[in-house]
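Coordinate analysis (summary)
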Amino acid sequence: MIDGTRVIDFHGHVGRWEQYGMNDDPARMLHAMDAVGIDVSCLFHIFHPDGTTSNDLTAKFIARHPDRFVGFAYVSPTMPERMLPELERAIDKLRFPAIKLYPPYTPWPFNQAPWHPIYEFANKRGLTIIFHTDHLENNRPRYFEDLAPMYPNVNFVAGHSGNSPEARAEAIAAVQKYPNVFLETCSTFRTPGVIEQLVEEGGADRVLFGSDVPLMDPRPQIGKIITARISDEAKRLVLGGNAERLLGI
Amino acid sequence: MPSLSFSPRVPVIDANVCVGNHHTEPSPCQSQVQLLDEMDHHSINRAVIYHAQTEEISPTDGNRLLESWLDEGERLMPQWSVTPTADALAQIQALHREGRVQSVRLHNTQSAGLPFRAWGYDTLLSWLSEVGLPLWIPLMDVEPHDLITTLQAYPDLKTVLLGAHYTHTLVVRPMLDTLPNAWLELSRYEPIGEVESLKRQYGADRLIYGSWYPRYAMGPILYYLHHTDLNDDELQMVCAGNVEKLLGI
């Protein structure tokens, strides 16, 4: 909690990736979260294309601290026969409120046909999907301009807000055109003025704080929001207000 | 207690600030006035500055351009860049005779096509050791094996290792273990819990705050350092004291 605002980190991981120092030790994660007032972190596991293995690991992890962690479902179109049954299980039985998709681990840009069964599922249920986005062909935020009008009940979240300046411009353009597209802030690119740009051009009600915990420590990532030249009202929306609205938590 | 606003509680020197335009990318900061305004926004007292042109084009020309950024109030402290050519070394040695050199920055060894090995850098490294000047080294520009094996031959030379990223996680500890006269600058180092972990293992006197502005915003890492287990004495060392000792100020 920061000055009465419940803080929700919209982008985090379960799993270890030692070469990059990623360590999902819950004590280490909670220590960092507590130091800066992060109440809840949304987590997903993206290393198993069957989905089931990933989602079970996420469920096991969040069960240790259900008041501090929320799980998102993960599936991959590289195993198409598993996608919909696993989504149903993750949403209905594991009670995950949203979906994470990771196009870099597939051969397809995320506007292509293999992904659409996921969007149809999410559209029927009014779910939120967060994507990895960047400047590479599979991950371009401009694809939201194809998807957002086609699936109006889905909230599409551009993870990393595209990362690079050119992809960030695509993400902002999609947000300006469609009410169901959102921007998420985590990135090792901590360019001066980037948070100000997202808020001014996308709107404070369309930006979500994320950190990439535990690949990255959430403290410098939330520091981007706190030290940005934006209003306190905008900070409150970015840090938690918008995430509460999207997730219904 | 986390708050929507932040200002540091100790004096701060930013040990890594770039001024001027890169040949491929104009800087968001076009003047000394703008730079000082940005420092004021984050309550940063002083900064070690080098010129962008020294990174990939010309250390000697870039050093000349740096002169116009220096302020009479001495909040901006020059860092002169060097590559081991006779002209570049003569320029630094002349500045040193004038009493104007507190630190030196290594030109990109990879773009220069000169690996960081004693057969290419002995004259420079021997002179720096002899006169007691510290050398700032961007890690992305030097092979770790070259860095460790070369610097081990100059045990009196003090170095500041810049811009460690999460992709450097596995080499950070070997570098600090094998190079007792090396300090780690933290502008890009975000693996979870690593500031506290490195402090416990090596001491706060081996860590240095830098932002690498304008590649990165000045505030996030400073905010991070203020929300760790560092006590106020340790925080003072990381934010200013360690670099003050290295610069002899």
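Residues numbered from 1 in each chain as written. Chains lettered and ligands numbered in written order. Predicted model: local features only at pLDDT ≥ 70, side-chain atom pairs only at ≥ 80, totals over all residues.

1. A word on the environment of B:Tyr50
All names here are of chain B. Summarising the element assignment, Tyr 50 is placed in strand S2 (residues 46-51). Taking C-alpha positions, Tyr 50 is 6.6 Å from Leu 66, a pair spaced 16 residues apart along the chain. The residues touching Tyr 50, leaving out its near neighbours within four places in the chain, are Cys 18, Leu 66, Gln 79, Ser 81 and Arg 105. (Helix = DSSP H or I, 4+ residues; strand = E, 2+ residues; numbered from the N terminus. Contact = placed C-beta atoms within 7 Å.)

2. Description of the interface of chain B and chain A
Facing the 28 residues of chain B at the interface are 31 residues of chain A. Looking at the side of chain B that touches chain A, the elements that each hand over two or more residues are helix H8 (169-178) and helix H10 (219-225) of chain B. Take the side of chain B that touches chain A: its biggest share by element is 5 residues, from H10(B). Looking at the side of chain B that touches chain A residue by residue, the classes come out as 16 nonpolar, 9 polar and 3 charged. (Nonpolar A, V, L, I, M, F, W, Y, C, P; charged D, E, K, R; others polar.)

3. So, the pairing of strand S1 (residues 13-19) of chain B
Residues and elements named next belong to chain B. In terms of burial, S1 is largely enclosed, as 7 of its 7 residues are buried. Sheet topology places S1 next to S2; 5 bridges connect them, and they run parallel. The partner of Cys 18 across the bridge, within S2, is Tyr 50. Considered for its hand, the β-α-β crossover made up of S1, helix H1 (residues 32-41) and S2 is right-handed. (Buried ≥ 20, exposed ≤ 12 C-beta atoms within 10 Å, placed from the backbone. Pairing = 2+ DSSP bridges. Right-handed = clockwise from strand over helix to strand, strands pointing away.)

4. Quick word on the nonpolar core
Core analysis: the biggest nonpolar cluster contains 154 residues, and A:Phe72, A:Ile118, A:Ile129, B:Ile208, B:Tyr209, B:Leu225 and B:Val238 have the highest contact counts within it. With 7 residues, the single largest contributor to this core is helix H11 (residues 232-247) of chain B. Sequence-distant contacts of B:Ile208, defined by excluding residues within four places in its chain, comprise B:Ala15, B:Val160, B:Trp183, B:Leu184, B:Glu185, B:Leu186, B:Val238, B:Asn242 and B:Val243. (Core = buried A, V, L, I, M, F, W, Y, C linked by C-beta atoms within 7 Å.)

5. Side note on the sheet that holds strand S1 (residues 8-13) of chain A
Residue and element names in this part refer to chain A. What the 3 strands build is an open sheet, ordered S1-S2-S3; its pairing is parallel. Looking along the sheet, the strands with just one partner apiece sit at the ends: S1 and strand S3 (69-71). Ignoring strand direction, the axes of neighbouring strands in this sheet form an average angle of 30°. Taken together, the 3 bridges between strand S2 (residues 40-44) and S3 define a ladder with parallel strand orientation. Residue pairing in the sheet places Leu 43 in a bridge with Gly 71 of S3. Those strands touched by helix H2 (residues 52-63) are S2 and S3, and its axis lies near 160° from that of S3. (Axes fitted to C-alpha atoms, helices over the stretch in contact; angles between N-to-C directions.)

6. Thoughts on the sheet that holds S1(B)
Residues and elements named next belong to chain B. Here 3 strands make up an open sheet; going across it, the order is S1-S2-S3 and the pairing parallel. Of all the strands in the sheet, just S1 and strand S3 (76-78) have a single pairing partner and so form its edges. Each strand axis lies, on average, 35° off the axis of its neighbour in the sheet, ignoring direction. Judged from the 3 bridges that link them, S2 and S3 form a sheet pairing that is parallel. Residue Ile 49 lies in a different strand from S3, and its bridge partner there is Pro 78.

7. With respect to the packing of helix H7 (residues 144-151) of chain B against H8(B)
Residues and elements named next belong to chain B. One can describe the packing of H7 onto H8 by two numbers: an axis separation of 10 Å at closest approach and a directional angle of 10°. Classified by the interaxial angle, the pair formed by H7 and H8 is roughly parallel. Between H7 and H8, the contacting residues are Pro 144, Leu 147 and Ile 148 on the first element and Val 171, Pro 174, Met 175 and Thr 178 on the second. Its residues assigned to classes, the contact of H7 with H8 shows 6 nonpolar, 1 polar and no charged. (Parallel < 35°, antiparallel > 145°, perpendicular 65-115°, else oblique.)

8. Examining unusual backbone geometry
Between A:Val213 and A:Pro214 the backbone carries a cis peptide bond, its omega angle lying at -5°. Relative to the helices and strands, A:Pro214 resides in the loop between strand S9 (207-208) and helix H8 (218-226). For the bond from B:Tyr213 to B:Pro214, the omega torsion is 0°, close enough to zero to count as cis. Position of B:Pro214 relative to the elements: it lies in the loop between strand S9 (207-208) and H10. Positive phi is not limited to glycine here, since A:His160 has a value of about 70°. Notably, A:Asn163 is not glycine yet its phi reads approximately 70°, a positive angle. Secondary-structure assignment places A:Asn163 in the loop between strand S7 (155-159) and helix H6 (165-177).

9. Comments concerning the packing of helix H1 (residues 26-36) of chain A against H8(A)
Residues and elements named next belong to chain A. As a packed pair, H1 and H8 sit with axes 9 Å apart at the nearest point and diverge in direction by 25°. Here H1 is positioned roughly parallel relative to H8, judged by the angle of their axes. Where H1 crosses over H8, the handedness of that crossing is right-handed. Residues Ala 32, Met 33, Ala 35 and Val 36 of H1 pack against Pro 218, Arg 219 and Ile 222 of H8. Per-class residue counts for the contact of H1 with H8 are 6 nonpolar, no polar and 1 charged. (Left-handed = near helix turned anticlockwise from the far one by under 90°.)

10. Let's talk about the pairing of strand S6 (residues 135-138) of chain B
Residue and element names in this part refer to chain B. Here S6 shows a buried face lined by Leu 135 and Ile 137 and a second buried face lined by Trp 136 and Pro 138. Pairing of strand S5 (residues 104-106) with S6, which is carried by 2 bridges, proceeds in the parallel orientation. For Val 104, the partnering residue across the bridge sits in S6 and is Leu 135. Bridge count for S6 against strand S7 (residues 159-162) is 4 bridges, and the pairing is parallel. Residue Leu 135 lies in a different strand from S7, and its bridge partner there is Thr 159. A crossover connection joins S6 to the parallel S7 through H7; in handedness this β-α-β unit is right-handed.

11. Comments concerning the environment of A:Gly248
All names here are of chain A. Mapped onto the elements, Gly 248 comes out in the segment after helix H9 (232-247). Overall, the presence of 9 C-beta atoms within 10 Å leaves Gly 248 in the exposed class. Distance from Gly 248 to Pro 97, taken between C-alpha atoms, is 8.3 Å for residues 151 residues apart in sequence.

12. With respect to helix H7 (residues 194-202) of chain A
The periodicity of an α-helix, 3.6 residues per turn, causes residues three or four positions apart to be oriented the same way. Residue and element names in this part refer to chain A. Those residues of H7 that fall on the buried side of the exposure criterion are Val 194, Ile 195, Leu 198, Val 199 and Gly 202. Buried residues along H7 cover an arc of 135° about the axis, so they all sit on one side. Residues of H7 that are buried make contact with H6, strand S8 (181-184), S9, H8 and H9. Phi turns positive, to about 105°, at Gly 203, one or two residues after H7. (Arc of directions from axis to C-beta.)

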